[in-house]
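A look at the structure
Spelled out from the first residue to the last, the chains are:
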Amino acid sequence: MQPEPILPLGMTLGEGPVWWDDALWFVDIKAHRLYRHVPTTGALAVWDAPDQIGWALPTRSGDMMTGVRTGLHRFDPQSGAFSLFHDPEPHLPGNRLNDAATDTQGRLWFGSMDDSEAAQTGYLYCLAGGQCAATAVPAVEITNGPAISADGRTLYHTDTLGRKIWKVPVDENGTVGAGELFITIENGAGWPDGSVLDSEGCLWVALFGGWGVRRYDPQGSLMQTISFPVANVTKIAFGGPDLRTAYATTAHKGLDAAAREAQPLAGHVFAFDPKVAGLPVTPADI
């Protein structure tokens, strides 16, 4: 299960990996870049986003919805054009959109964060039926890793700086209830970043500054840790024809010159065998 670098990109803040249309999509937030990699051919496409871009997810319309600092943007892979769809936070110019996931009904769950990582202005939103609304999940500095169970009834919400992941009930209409604490990452083990569920209902959590990825069972018990040769692991995605390859984005953001020299692979994309399949991505119903 040793992770191996597959794309030597040296990204400042690689993030948001997702497997769609036989390709791995991911971003470099600080470089304002969106990537698409086809492992079977080695092809790599890159597009410039209009601002910091946190993620890109497929829609049922055939394009992608992306989370940019200035709001939700549609992205057309054919033309490379980004077009503003909705700005959920015009009153919070210091915020940016950070991480997202879809559920099996096509609802799009996404979060925001204070770009200076100081103010508790990060909210969790749901885009459903073309309408965007803030959820009742309390605000934090950095929202991260929304991950939704296969039945759509449980949402995992990450408070990165608080080192906590919350388990939040979701009713059939998409309304969230009161969350309960699922796991706390201990001091010195890094900060919980992106997360994703596998086909066995276990949660994989990337650790920024923690040199790895952890897998937790549905009760919140640590099952295993995958160690990386870089400190800042940001998120994994299950891909390949059988969804049994784990792809991980990493970052060199925050590393000083000595750390950069000690971690020459920081910011590359990695792959490893997770010994379990992931869940297929459902396009957003937009």
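Scroll up for the structure.
Everything quoted here is computed from the prediction, not taken from an experiment. (Residues numbered from 1 in each chain as written. Predicted model: local features only at pLDDT ≥ 70, side-chain atom pairs only at ≥ 80, totals over all residues. Heavy atoms only, no water.)

**Details of the side chain of Gln 52**
In this fold, Gln 52 is placed in the loop between β5 (43-48) and β6 (53-58). Side-chain polar atoms of Gln 52 contact the side chain of Lys 30, separated by 2.7 Å. There is a polar contact of 3.0 Å between the side chain of Gln 52 and the side chain of Asp 115. What Gln 52 contacts, discounting residues up to four positions off in sequence, is Ile 29, Lys 30, His 32, Gly 67, Val 68, Arg 69, Arg 96 and Asp 115. (Helix = DSSP H or I, 4+ residues; strand = E, 2+ residues; numbered from the N terminus. Polar contact = N/O pair within 3.5 Å; in protein donor to acceptor, adjacent residues only side chain to side chain. Contact = heavy atoms within 4.5 Å.)

**Things to note about the layout of surface pockets**
Space inside the largest pocket adds up to approximately 440 Å³. Along the walls of the largest pocket sit 30 residues, with Ala 101, Thr 102, Val 196, Leu 279 and Val 281 positioned nearest its centre. A per-class count over the lining of the largest pocket returns 20 nonpolar, 7 polar and 3 charged. For the second largest pocket, the calculated volume is near 250 Å³. If you trace the second largest pocket, you find 15 residues lining it, with Glu 117, Ile 142, Thr 160, Asp 193 and Phe 208 closest to the centre. When residues of the lining of the second largest pocket are traced back to their parent elements, those giving at least two are β10 (95-102) and β18 (191-197). A breakdown of the residues in the lining of the second largest pocket according to their chemical character gives 7 nonpolar, 3 polar and 5 charged. (1 Å grid on protein atoms, 1.4 Å probe; cavity = no way out; pocket = protein on both sides within 12 Å on 5 of 7 lines; lining within 4 Å. Points joined across faces, edges and corners; volume = space filled by probe spheres on them. Nonpolar A, V, L, I, M, F, W, Y, C, P; charged D, E, K, R; others polar.)

**Considerations on the environment of Gly 174**
Within the fold, Gly 174 resides in the loop between β16 (164-169) and β17 (180-184). Through-space distance from the C-alpha of Gly 174 to that of Gly 152 is 8.5 Å; in sequence the pair is 22 residues apart. The residues touching Gly 174, leaving out its near neighbours within four places in the chain, are Arg 107 and Trp 109.

**Notes on the sheet that holds strand β3 (residues 23-28)**
Strand order across the open sheet formed by 4 strands is β2-β3-β4-β5, with antiparallel pairing between neighbours. At either margin of the open sheet sits one strand with a lone partner, and together these are β2 (14-20) and β5. Sheet twist, expressed as the mean angle between neighbouring strand axes with direction ignored, is 20°. Strand direction decides the pairing type here: strand β4 (residues 33-38) and β5, joined by 6 bridges, are antiparallel. By the bridge assignment for β5, Tyr 35 is matched with Val 46. (Pairing = 2+ DSSP bridges. Axes fitted to C-alpha atoms, helices over the stretch in contact; angles between N-to-C directions.)

**A word on the environment of Pro 3**
Residue position: Pro 3 is located in the segment before β1 (4-7). Residue classification places Pro 3 among the buried positions, given a relative accessible area of 3%. Placed 93 residues apart in sequence, Pro 3 and Arg 96 show a C-alpha to C-alpha distance of 30 Å. Contacts of Pro 3, omitting those with residues within four sequence positions, involve Ile 226, Ser 227, Phe 228, Phe 270, Ala 271 and Phe 272. (Buried < 20%, exposed > 50% of the residue type's maximum accessible area, 1.4 Å probe, protein only.)

**With respect to the environment of Pro 192**
Its location among the elements puts Pro 192 in strand β18. Residues Pro 192 and Asp 114 lie 78 residues apart in sequence; the distance between their C-alpha atoms is 16 Å.

**Remarks on the sheet that holds strand β11 (residues 108-114)**
If you trace the 4 strands from one edge of the open sheet to the other, you get β10-β11-β12-β13, paired in antiparallel fashion. Edge strands, defined here as strands with exactly one partner in the open sheet, are β10 and β13 (131-134). Sheet twist, expressed as the average angle between the axes of neighbouring strands with direction ignored, equals 25°. In terms of strand pairing, β10 meets β11 through 7 bridges, oriented antiparallel. Paired with Ala 101 across the bridge in β11 is Trp 109.

**What about the packing of aromatic side chains?**
For the structure on display, the rule yields 12 aromatic pairs. Residues Trp 25 and Trp 47 carry aromatic rings whose centres are separated by 5.7 Å and whose planes lie at 10° to one another, so their mutual orientation is stacked. A residue pair is termed long-range when its members are at least 10 positions apart, and Trp 25 in strand β3 and Trp 47 in strand β5 qualify at 22 residues. Owing to a relative accessible area of 3%, Trp 25 belongs among the buried residues under this scheme. (Phe/Tyr/Trp six-rings, centres within 6.5 Å; stacked < 30°, edge-to-face > 60°.)

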